Amino acid sequence: MLSALNSPRQQLAEIDHALLWSALLLLLGGLVMVYSASIATAEAGRFTNHQPAYYLIRHAIFLCIGLVAAAVAFQLPLTAWQKYAPVLFLVGVVLLAIVLIPGIGRDVNGARRWLPLGFANLQPSELMKLFAVLYAADYTMRKINVMHDLKQAFLPMFGAMALVGILLLKEPDFGAFVVIISIAMGILFLGGLKARMFVLLIVGLLIAFAIMIIVSPYRRDRIFGFMDPWSDAFGRGYQLSHSLIAFGRGELFGVGLGASVEKLFYLPEAHTDFLLAVIAEELGFVGVLTVIALFAVLVQRAFAIGRQCVQLDRLYPALVAMGIGIWLGVQSFINMGVNVGLLPTKGLTLPLMSFGGSGILANCVALAILLRVDWENRQLMRGGKL
């Protein structure tokens, strides 16, 4: 357990500062850009009482809650997270099922992904990403000696992920499904799943995704809209076309903070899914490159911490650290790819930056766990006790 001799100031001095500062810069940058991207929407909205700072205030509250939760999560040793990982995963599955119950789950734009809590809405799929990391790492540890066996190592996890996938696709939340599958499969691969089985799995997933797109007119329209947004710029290609216009207007240094035109009711979801487009328009290529660099630092440090765990023979923390790196890397890549037209439109936010309480909470707790892994590594290398 945490030694009583370690004060919060001592703990802060013994963590990865590159990881900490890159995360804080993304969080604070997100707060500024959410305010900039949402002013017009908030000022025009009746449910916001026409307050320009409505989304800023709520995002700041979510950020404070997330940081408090992160401080608490940092105090828990990785052994505790491993012990309760199956329980947390089960809680996530139950929440995903509850959100589908008519009258309980909240519908927004044709999707039922939220549980109303009065003061805010809880999005279970965001929490499920964190629970998937913890559970997949624990599962891999329990199956570490049979990772070569398809039946014993892969099929039980396949069943668990299939259940989660069915619930997510019912919402529908295809983007969260892709991220969670990437987390689970990535951790299994890092845990020793044979390359041949991994390749077969990837091929099978690609076939399954293709079938889901073909049989769903909604997803099929999104694919066609992504391939040529200008063919129907006022219909299925509307979001992407305006996102690309925002990138074009930003050029190298942007039009200036707060001076975006696309956020003025042209670009839907400017403060959530398409926040990067507003960053591109206002801060230009330099601003976008800065965001990419900060995410690159986060992912690199996550894998570096994981490799350090392997050297210290701490396999569960290693898989958790790398799983968090996979999560943040995959989700940020998908969001950026959607914004620049490399990928079909998904309902995925930019981690740590976009507006959304559940996402900020899950991201902050995940980073706190990652910092805890690094802190425990440092204690062991110093010959101390956890």
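Conventions used here
Residues numbered from 1 in each chain as written. Predicted model: local features only at pLDDT ≥ 70, side-chain atom pairs only at ≥ 80, totals over all residues. Heavy atoms only, no water. Pairing = 2+ DSSP bridges. Helix = DSSP H or I, 4+ residues; strand = E, 2+ residues; numbered from the N terminus. Buried < 20%, exposed > 50% of the residue type's maximum accessible area, 1.4 Å probe, protein only. Contact = heavy atoms within 4.5 Å. pLDDT = per-residue confidence, 0-100. Patch = residues over 30% accessible without salt bridge, like charges linked within 9 Å, V, L, I, M, F, W, Y side chains within 5 Å. Areas by Shrake-Rupley, 256 points an atom, 1.4 Å probe, with all protein chains shown as cover. Salt bridge = Lys/Arg side-chain N within 4 Å of Asp/Glu carboxyl O. Axes fitted to C-alpha atoms, helices over the stretch in contact; angles between N-to-C directions. Parallel < 35°, antiparallel > 145°, perpendicular 65-115°, else oblique. Left-handed = near helix turned anticlockwise from the far one by under 90°. Nonpolar A, V, L, I, M, F, W, Y, C, P; charged D, E, K, R; others polar. Core = buried A, V, L, I, M, F, W, Y, C linked by side-chain atoms within 4.5 Å. Phe/Tyr/Trp six-rings, centres within 6.5 Å; stacked < 30°, edge-to-face > 60°.

Caption draft 1: The sheet that holds strand 2 (residues 111-116), seen in detail. Taken in spatial order, the three strands line up as 1-2-3 in an open sheet, and their pairing is antiparallel. At either end of the open sheet lies a strand with only one pairing partner, and these are strand 1 (106-108) and strand 3 (121-122). Of the pairings in the sheet, the one linking strand 2 to strand 3 comprises two bridges and is antiparallel in character. Paired with Leu115 across the two strands is Leu122, which belongs to strand 3.

Caption draft 2: Spatial organisation of the environment of Thr272. By secondary structure assignment, the location of Thr272 is in the loop between helix 10 (238-250) and helix 11 (275-311). On the basis of relative accessibility, which here comes to 10%, the residue Thr272 falls in the buried class. Through-space distance from the C-alpha of Thr272 to that of Thr349 is 5.7 Å; in sequence the pair is 77 residues apart. The contacts of Thr272, once residues within four sequence positions are left out, are Thr349, Leu350, Ser354 and Phe355.

Caption draft 3: Representation of the confidence of the model for the protein. Taken as a whole, the protein shows an average pLDDT of 89; of its residues, 93% reach a score of 70 or greater. Note on residues 1-5: pLDDT is under 50 here. Beyond four places in sequence and across chains, it has eight contacts.

Caption draft 4: Quick look at a nonpolar patch on the surface. Taken together, the side chains of Val199, Val203, Ile207, Ile211, Ile214 and Val215 present a nonpolar region at the surface, about 560 Å² in accessible area. Within the element layout of this structure, Val199 appears in helix 8 (residues 195-215).

Caption draft 5: Broad picture of the pattern of salt bridges. Counted according to the given criterion, the structure contains nine salt bridges. With a closest N to O distance of 2.2 Å, Arg314 and Glu376 form a salt bridge. Pair noted here: Arg314 is in the loop between helix 11 and helix 12 (315-340) and Glu376 is in helix 13 (residues 357-381), with a separation of 62 residues, a long-range link. No difference in accessibility class separates Arg314 from Glu376, as the two residues are buried. In the salt-bridge network here, residues are joined through shared partners; they are Arg314, Arg372 and Glu376.

Caption draft 6: Up close: the packing of helix 6 (residues 150-170) against helix 7 (residues 174-190). Interhelical geometry of helix 6 versus helix 7 gives an angle of 170° and a closest axis separation of 9 Å. In terms of their interaxial angle, helix 6 and helix 7 are classed as roughly antiparallel. As helix 6 runs across helix 7, the sense of the crossing is right-handed. Between helix 6 and helix 7, the contacting residues are Phe154, Met157, Met161, Val164, Gly165, Leu168 and Leu169 on the first element and Phe174, Ala176, Phe177, Ile180, Ile181, Ala184, Met185 and Leu188 on the second. In terms of residue class, the contact of helix 6 with helix 7 is made up of 14 nonpolar, one polar and no charged.

Caption draft 7: The nonpolar core, seen in detail. Counting residues in each nonpolar core, the largest one holds 114 residues, and the members touching the most others are Met157, Met185, Val291, Phe295, Leu298, Val320 and Ile369. The element that contributes the greatest number of residues to this core is helix 11, accounting for 14 residues.

Caption draft 8: Spatial organisation of the side chain of Gln331. Relative to the helices and strands, Gln331 is located in helix 12. Given the relative accessible area of 2%, Gln331 is considered buried. Not counting chain neighbours up to four residues away, the residues in contact with Gln331 comprise Lys129, Val179, Leu348, Thr349 and Pro351.

Caption draft 9: Main features of the pairing of strand 2. In this sheet, strand 2 lies alongside strand 1 in antiparallel orientation, the contact comprising three bridges. Residue Arg106 lies in a different strand from strand 2, and its bridge partner there is Trp114. Between strand 1 and strand 2, which pair antiparallel one after the other, the connecting turn spans two residues, and Asn109 there sits at a positive phi close to 55°. Adjacent in sequence and paired antiparallel, strand 2 and strand 3 are bridged by four residues, among which Gly118 carries a positive phi angle near 95°.

Caption draft 10: Here's a closer look at the packing of aromatic side chains. A full pass over the atoms with the stated rule returns nine aromatic pairs. Plain terms: the ring middles of Phe62 and Phe355 are 5.8 Å apart, the flat faces sit at 55° to each other, and that makes the pair tilted. Of the two residues, Phe62 is situated in helix 3 (residues 54-74) and Phe355 in the loop between helix 12 and helix 13; the sequence distance between them amounts to 293 residues. The residues Phe62 and Phe355 share a single accessibility class, namely buried. An angle of 50° between the planes, with centres 6.3 Å apart, marks the rings of Phe174 and Phe177 as tilted. You can see Phe174 and its partner Phe177 sitting in helix 7, three residues apart, about one turn around the helix. For the pair Phe174 and Phe177, one class covers both residues: buried.

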